[in-house]
Amino acid sequence: MLVPYRTSFNGKLDRLSSLIDRLRVQVSNALVGETGRESANFTIIENQSGDLRLVFCPLREEVECEFADREPGIGETALVAANIRISGIGKQLINALPQCIAIPLAEDANLTAVVAPLIEEATQPRCGGQAAFQRLCEVVVIRLLRHAMEQGKADTGLLNGLAHPRIAAALVAVHEAPGENWTLEKLAETAGMSRTQFAVTFKDRVGITPMGYLSGWRLDIARAELEAGRQVKSVATLCGFASPAAFSRAFSRRFGYPPKQGRGQAA
C-alpha cells in the first residue's frame, strides 16, 4: 500500500511543505542602510530608478562568497540588510541552492509582494516590528525556494530532484513517511517509473541513490528527534529501523556517537 502524500490547495503535489516544516529560520541584524552590511547575508538594494534587487547568500558563514561583500553600485542603496540563519533538517533545501542568489524583483511578482511589507517593517519601526520582520523573512525564504525550483537554479541535488515531477513524488513520499518499509520497487512505483529508469534518473537528478537518500533522511530526522528528547526506541520505530540495535549501529556509523549520547546531550 502506497503512502498518500500532501497536496497543495490546488490539489497538486506539495513538494516543499514536508521540508519547510523542519526548517528553522532565525533573523538577526535587521538593519537599514549601509551600517552593518558586513555581517549581512540578505540584502534588498534599490537603484536610482527605484528598481529593487534581492541578494541572498545562505551559506555565507560556511563558504567564502565575494558577491555577498560587494558594495551597492553608484546610485544604489541597501534598504535592508539582515543575517538569516537556516537550521533544521530542511536545511538540505538551502544546501541545494546556489551560493548566492541575486534576483531583480521585477522578474518575480510573488517575491515582490512579500518584500514590500518587509521593507516597510525595516524602515518604519513599530511595535512588534522585529517579530513581523522574522515572519516575513520566513516567507521570503520559502518563495526563494519556489523561485529556485521553478527556474531550475540547481543543476543537481534535492531541489533538482523536486523539480522533476516523477522523482518529486518519490521524494515527498519519503519525506512524509520515513518509517514506511520503502524499497526501490515501492519508490519506483510511487514515481510511476520502472525500477531501472527510476534509479538512474534519481541519481542523475539528486546526486545520490534513492536508498542512500532514504537512509540519510531517516538518520537526520532521528538526530533531530533525539535532540528534542524523544526515546531511542520510539525514534527507531518512527524512522523505519527494524530494531533499536540496527538503528544504533546506523546512527553511530553516521554521526560517530550512539543515539543515547545524542539524547543525553540534548537533555
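Everything here concerns the structure above.
Residues numbered from 1 in each chain as written. Predicted model: local features only at pLDDT ≥ 70, side-chain atom pairs only at ≥ 80, totals over all residues. Heavy atoms only, no water.

## Observations regarding the overall build of the protein
Each helix and strand counted, the protein has 12 helices and five strands in total. Across the 267 residues in the protein, those meeting the buried criterion constitute 45%. Within the protein, counting contacts between residues at least 6 apart in sequence, those at least 24 apart form 68% of the total. (Helix = DSSP H or I, 4+ residues; strand = E, 2+ residues; numbered from the N terminus. Buried < 20%, exposed > 50% of the residue type's maximum accessible area, 1.4 Å probe, protein only. Contact = heavy atoms within 4.5 Å.)

## Section: the state of the cysteines
Within this structure, the stated rule accounts for one disulfide. With a sulfur-sulfur separation of 1.8 Å, Cys-57 is cross-linked through a disulfide to Cys-100. Around the S-S axis, the bridge from Cys-57 to Cys-100 shows a dihedral of about 105 degrees and counts as right-handed. Of the two residues, Cys-57 is situated in the loop between strand E3 (52–56) and strand E4 (77–87) and Cys-100 in the loop between helix H2 (91–95) and strand E5 (101–104); the sequence distance between them amounts to 43 residues. (Disulfide = S-S within 2.5 Å.)

## Side note on the layout of surface pockets
Computed from the structure, the second largest pocket encloses a volume of approximately 370 Å³. Forming the boundary of the second largest pocket are 13 residues, of which Gly-88, Ile-89, Asp-220, Ala-224 and Glu-227 lie nearest the centre. Of all the secondary-structure elements, those providing two or more residues to the lining of the second largest pocket are H2 and helix H9 (210–227). (1 Å grid on protein atoms, 1.4 Å probe; cavity = no way out; pocket = protein on both sides within 12 Å on 5 of 7 lines; lining within 4 Å. Points joined across faces, edges and corners; volume = space filled by probe spheres on them.)

## Quick word on the nonpolar core
Core analysis: the largest hydrophobic core is formed by 76 residues, its most contacted members being Phe-42, Ile-84, Leu-145, Leu-162, Phe-198 and Phe-247. Looking at which element gives the most residues to this core, the answer is helix H4 (residues 129–150), with nine residues. (Core = buried A, V, L, I, M, F, W, Y, C linked by side-chain atoms within 4.5 Å.)

## Thoughts on the pattern of salt bridges
What the rule picks out here adds up to eight salt bridges. Put simply, Arg-126 and Glu-120 hold a salt bridge, and the shortest N to O gap is 2.7 Å. Assessed through its relative accessible area of 49%, Arg-126 is described here as partly exposed. We classify Glu-120 as partly exposed; its relative accessible area is 32%. Through salt bridges with shared partners, a single network forms among Arg-22, Glu-225 and Arg-230. (Salt bridge = Lys/Arg side-chain N within 4 Å of Asp/Glu carboxyl O.)

## Observations concerning the environment of Gly-240
Tracing the sequence through the fold places Gly-240 in the loop between helix H10 (232–238) and helix H11 (244–255). By relative accessible area, Gly-240 is classed as partly exposed at 28%. Taking the C-alpha atoms as reference points, Gly-240 and Trp-182, 58 residues apart in sequence, are found 8.7 Å from one another. Discounting residues that sit within four places of it in the chain, Gly-240 has contacts with Pro-178, Gly-179 and Arg-218.

## Here we look at the pairing of E3
Consecutive side chains along a regular strand alternate between the two faces of the sheet. Here strand E2 (residues 42–46) runs beside E3; their pairing, made up of five bridges, is antiparallel. Bridged to Ile-44 within E3 is Leu-54. The loop that links E2 with its antiparallel partner E3 comprises five residues; one of these, Gly-50, has a positive phi angle of about 85 degrees. Two elements, E3 and E5, share four bridges in a ladder whose sense is antiparallel. Bridged to Leu-54 within E5 is Ile-103. (Pairing = 2+ DSSP bridges.)

## Looking at the pairing of E2
Among the five residues in E2, four count as buried, and that is most of the element. Sheet analysis places E2 next to E4, joined by five bridges and oriented antiparallel. Within E4, the position partnered with Ile-44 by the bridge is Val-80.

## Section: the side chain of His-164
With respect to the element layout, His-164 can be found in the loop between helix H5 (158–162) and helix H6 (165–176). A relative accessible area of 17% places His-164 in the buried class. Not counting the four nearest positions on each side in its chain, His-164 is found in contact with Thr-201 and Arg-205.

## A word on H4
End to end, H4 covers 31 Å across 22 residues, agreeing with the expected 32 Å (1.5 Å per residue, within 8%). Listed as buried for H4 are Gly-129, Phe-133, Gln-134, Leu-136, Cys-137, Val-140, Val-141, Leu-144, Leu-145, His-147, Ala-148 and Met-149. Gly-152 occupies a position one or two residues after H4 and carries a positive phi of about 65 degrees. (Expected span 1.5 Å × (residues − 1).)

## Digging into the packing of helix H3 (residues 109–123) against H4
Following both chains from N to C, one finds H3 and H4 inclined at 160 degrees, their axes separated by 9 Å at the closest point. Between H3 and H4, the angle falls in the class roughly antiparallel. Once H3 is placed against H4, the crossing between them reads as left-handed. Of H4, the residues touching H3 (which contributes Asn-110, Leu-111, Ala-113, Val-114, Pro-117, Leu-118, Glu-121 and Ala-122) are Gly-129, Ala-132, Phe-133, Leu-136, Cys-137, Val-139, Val-140, Arg-143 and Leu-144. Partitioning the contact of H3 with H4 into residue classes produces 13 nonpolar, two polar and two charged. (Axes fitted to C-alpha atoms, helices over the stretch in contact; angles between N-to-C directions. Parallel < 35°, antiparallel > 145°, perpendicular 65-115°, else oblique. Left-handed = near helix turned anticlockwise from the far one by under 90°. Nonpolar A, V, L, I, M, F, W, Y, C, P; charged D, E, K, R; others polar.)

In short, geometric facts, not functional conclusions.
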